[in-house]
Amino acid sequence: AQIAEEIIKAEQERVRKQWGIDDSWQVLIRTRLTGNQVTVKDPEGRHFFKQSQIRASVHSDAKKRRQAEEVKAQQELLGLLQGAAEKSIFEVVGADGAAKEINGVYRLDSESSPEAIYAKCCRALASIGGAVAVRLLEDRWRFIAGEATAAAPVLASSRSSAPPPFEGKLLEGAGEKGAKELECEVEMLRPEQVISKVVNRSSVMTLKQCKLCTSDGKQDRPAQGGSRRAQREAFEQRLRDLGARRQDAPRTLAEMARHMAKKLLEARPSSADAVRRFFSNAECGHGTLRLGTLCSGTDSPTIALKHLTAAVTEGFPGSGGDSGKIGFEHVFSCEFDEAKQGFLLSNFEMEHLFSDCTQMGRQRAWDVKSKSPQPVPGGMDFLVAGFSCKDLSFMNSYRKTLEEMGQSGRTLRGCLEYVERYRPRVVLLENVYAIDRADQHGLKQVNIVMEGLRLRGYAAGYTLLNSCDYYLPQIRHRIWMWGFRMEKVLDPSESVDDLRARAFRMGQLLNPQVQEMLKLLEEPCALHFDDLLLPDDDPRIAEEERQLHAKAKRRQAKKEAGGGNEEGGRASSAKLTWQQKYTMHRMKL
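What you see is a predicted model, and the numbers here were worked out from it, not measured in a lab.

Conventions we followed
- Residues numbered from 1 in each chain as written.
- Predicted model: local features only at pLDDT ≥ 70, side-chain atom pairs only at ≥ 80, totals over all residues.
- Heavy atoms only, no water.
- Helix = DSSP H or I, 4+ residues; strand = E, 2+ residues; numbered from the N terminus.
- Buried < 20%, exposed > 50% of the residue type's maximum accessible area, 1.4 Å probe, protein only.
- Contact = heavy atoms within 4.5 Å.
- Areas by Shrake-Rupley, 256 points an atom, 1.4 Å probe, with all protein chains shown as cover.
- Pairing = 2+ DSSP bridges.
- Core = buried A, V, L, I, M, F, W, Y, C linked by side-chain atoms within 4.5 Å.
- Patch = residues over 30% accessible without salt bridge, like charges linked within 9 Å, V, L, I, M, F, W, Y side chains within 5 Å.
- Salt bridge = Lys/Arg side-chain N within 4 Å of Asp/Glu carboxyl O.

Draft legend 1. Main features of the overall build of the chain. Secondary structure assignment for the chain yields 15 helices and 23 strands. By residue count, 35% of the 589 residues in the chain fall in the buried class. Of the contacts made within the chain by residues no fewer than 6 positions apart, 56% connect residues no fewer than 24 positions apart. When the accessible area of the chain is evaluated, it comes to approximately 36,900 Å², of which 52% is carbon and sulfur surface.

Written as structure tokens, this is what we have:
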């Protein structure tokens, strides 16, 4: 329950930041199997379920305000026309300094007050400054801007009674001795002048030009049949651009690693020092990175790190520290499947090949290579693990949570037990994107992994990546989780809550930098999968075809000789039915 509350609170803060709303808005998070449902309530009590609804509401409110302003402006224009007939319109021109705001056209406003008040036409004629009124106070016409009246300019006259405002002289600071006359003009407007201003302003307000009138008409109005021709030309140009990129795109892992290191060095020259420090602070102490993999599969991280190390050696000289040498050491792998164990032993030179991921948190585990229990190595710089996804995948109709300790939960626990005991510098975990979806209990399983890393003193984070965004012609969406060790040895006096809070704060500072770096290193794939296949005349292709033909001949000869192994009237090599496949799949689960 405590973890769920913290996750919901963090999700609320993320929604506030991403949607651009303040604390006066109420954010409600409802966790569901298909994903979190977000409901936002504004101070006025309106509910929103999407960020686009908030943007539409803001746009609608702004449109309503503009329409209200236009209505008021049109009312002012009508008031100007009425005042022109009554000869009660005057204009102030030329005032500057503190009195600059009184410049504009004034009309008699008989609707807002029974007194004689002249109001400035700000909306109708788009005058500069705010609202200004001319009111008769103590036999003087005084300009009032808002609530300020003490130092307001006044209209003075030699008459004993107050004349109309346009017959007096404009004085500044008339409430004090030595009032001086302002250098400006106060002029009554004739009816034809008022009508001219109203006509010019109303034409600007009501005239709305279409897109065709505002453009030159060449791009927005193509000739008959030109649209398809333009689309075809754009498509062909895109194919030419892709062909040029495809021709120069890196095709091997070594070329991709060098291209990635070059891009990083050009975009972030300061990253060279960080890479040198990382290699010089290797656990072995002499610039050699030590790698261990769990749930290894085909051990592709080993190949990738090997080429990245070579690219760093070439592109970042001096990365090895005092010794000047940098390297890479594949310490151990861990794989349960026997066929994959044979593949790893045939293609990789590791010190140990352990068989069970759940035993890696112990001091000793069974080593397939030596066929005996061996000490589990520590002192890793990288630990890469792709723990089981069977219980999490949407392809499984009988999914389990990590807490239910199915195959996924047990393998993850083995990874975290190794992390807790041997504390590698960097932990990388990978799984299907379904781990980022809320389960039937309303909790994202990826948050359990994050909490497990934080409780062990790691700044943790995760993101969704696609292989086709990083050189490879493959669409493969996967959630990548990382954990960076905060210190080599934990402080035993620090409480669990303090450690988790400190790891959470460190992750908030570090994760945006990791996301930005991953975005920087993106290289959309320009290759086709044919570019990564061996040519047809390659000797390895010829040998594979020879073996396939030989196998087919032996199978045909065996069939003609009547030596086929029949089981229940079906050959053992016959394809299984869907019911048989389903039964075997359920038995394995």
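Picking up after the structure, the text goes on.
Draft legend 2. Here's a closer look at the sheet that holds strand E2 (residues 37-41). Spatially, E1-E2-E3 is the arrangement adopted by the three strands of the open sheet, whose pairing is antiparallel. The sheet is open, and its two edges are formed by strand E1 (26-30) and strand E3 (47-48), each paired on a single side. Bridge count for E2 against E3 is two bridges, and the pairing is antiparallel. When the sheet's bridge partners are listed, Lys41 is paired in E3 with His47.

Draft legend 3. Focus on the nonpolar core. If you look at the biggest cluster of nonpolar residues, it comprises 34 residues, and the most contacted ones within it are Leu294, Phe332, Met360, Phe387, Val449 and Met481. Broken down by secondary-structure element, the contributors of at least two residues to this core are strand E14 (327-334), strand E18 (382-385), helix H11 (407-422), strand E19 (426-432), helix H12 (445-454), strand E20 (458-466) and strand E21 (477-485). Here the element with the most residues in this core is H11; it accounts for six residues. When sequence neighbours within four positions are dropped, the list of residues in contact with Leu294 reads Phe332, Cys334, Cys357, Met360, Leu383, Val384, Ala385, Gly386 and Cys415. The next biggest cluster of nonpolar side chains, apart from the first, holds 26 residues, and it includes Ala249, Leu305, Ala311 and Cys525.

Draft legend 4. Quick look at a nonpolar patch on the surface. Nonpolar side chains collect at one region of the surface, where Leu78, Leu81, Ile195 and Val199 lie side by side and expose about 350 Å² of accessible area between them. Elements with a minimum of two residues in the nonpolar patch: helix H2 (51-86) and helix H4 (191-206). Relative to the assigned elements, Leu81 resides in helix H2.

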